[in-house]
Amino acid sequence: MKILLLGDSHVNQFAGRGKYFDLGGEVLTGQRLVDYYEPIAARLDSWLAVEGSGAYLLVSLNEVDIRGHYWRHIPRGADVVQYVEERVAAFHNRLEKMIQEYGLARIVLWGAPPAGLNITNNPHWPFVGPTATRNRIIDLFNRKFAERCRSKGSIVFATGFYQYIDPVSYEPLGHI
């Protein structure tokens, strides 16, 4: 079985288990994948055209989107569930298109880890919103994405999120 790895730094835990797409110093987010972010898109297309046929693609994205973008970009007064559902639909549709375009056998989305208790803000890795709120958004994303996966068989979802989260407070438990 041929395994390809694509994503943010969280895909590194699978190093040595598949062939990794080199981002070339760029940051890939779920939204950038959806938007066909040009500094990465052409190289990714070329890579998948060569490597994709019959391969399993493990994708690890959306942690940066939720940590730094969702809470900041949800229009005030908007329906948060609808906002997340729209992001999930666009992301899932992009993954489906990748399966069709490159002949991938399957895509596995490795879900975002819980948001940590950020005591100090690192401007290189910004976060927006309280930790529990970001974890609730991750949970919402996970549930909506898993629903889409159950209705269609070529994309699956896996996560360790729930092993490291308090299900009542949505605060992280320990260090992942």
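Residues numbered from 1 in each chain as written. Predicted model: local features only at pLDDT ≥ 70, side-chain atom pairs only at ≥ 80, totals over all residues. Heavy atoms only, no water.

Q: Describe the overall build of the protein chain, listing the residues and the values that go with them.
A: The helix and strand inventory of the protein chain stands at five helices and five strands. Going from N to C terminus, the protein chain has its helices and strands arranged as β-β-α-α-β-α-α-β-α-β. Taken against the 2.2 N^0.38 rule, which gives 16 Å for 176 residues, the C-alpha radius of gyration of the protein chain at 16 Å falls within 12% of a compact globule. Along the longest, intermediate and shortest principal axes, the C-alpha atoms of the protein chain span 45 × 30 × 30 Å. Out of the 176 residues belonging to the protein chain, those deemed buried represent 44%. Considering only contacts in the protein chain between residues 6 or more positions apart, those separated by 24 or more positions represent 70%. Carbon together with sulfur atoms contributes 55% to the accessible area of the protein chain, which is approximately 9100 Å² in total. (Helix = DSSP H or I, 4+ residues; strand = E, 2+ residues; numbered from the N terminus. Rg over C-alpha atoms; globule rule 2.2 N^0.38 Å. Buried < 20%, exposed > 50% of the residue type's maximum accessible area, 1.4 Å probe, protein only. Contact = heavy atoms within 4.5 Å. Areas by Shrake-Rupley, 256 points an atom, 1.4 Å probe, with all protein chains shown as cover.)

Q: Requested: an account of the nonpolar core, with residues and values cited.
A: Ranked by size, the top nonpolar core spans 38 residues in total, and within it M98 and L104 carry the most contacts. Of all the elements in the fold, those that place two or more residues in this core are β1 (3-7), α2 (38-51), β3 (56-60), α3 (63-73), α4 (80-102), β4 (106-110) and α5 (131-151). At eight residues, the largest contribution of residues to this core is made by α4. (Core = buried A, V, L, I, M, F, W, Y, C linked by side-chain atoms within 4.5 Å.)

Q: Pulling in residues and values, what's your account of the sheet that holds strand β2 (residues 19-20)?
A: Spatial strand order, β2-β1-β3-β4-β5: five strands in an open sheet with parallel pairing. With one partner strand each, in any of the chains shown, β2 and β5 (155-158) form the two edges of the open sheet. One ladder, built from five bridges, connects β1 with β3; its direction is parallel. Note on β3: the bridge partner recorded for L4 is L57. The strands that α2 touches are β1 and β2; relative to β1, the one it contacts most, it runs at about 165°. (Pairing = 2+ DSSP bridges. Axes fitted to C-alpha atoms, helices over the stretch in contact; angles between N-to-C directions.)

Q: So what about the pattern of salt bridges? Which residues, and what values?
A: Counting across every chain of the model gives seven salt bridges. With a shortest N-O distance of 4.0 Å, E101 and R94 are connected by a salt bridge. Overall, the relative accessible area of 41% leaves E101 in the partly exposed class. A salt bridge links D139 to R143; its shortest N-O distance comes to 3.1 Å. Taken together, the positions of D139 and R143, both in helix α5 and four residues apart, correspond to about one turn of that helix. The exposure class of R143 is partly exposed, given its relative accessible area of 42%. Overlapping salt bridges bring together K2, K19 and E51 as one network. (Salt bridge = Lys/Arg side-chain N within 4 Å of Asp/Glu carboxyl O.)

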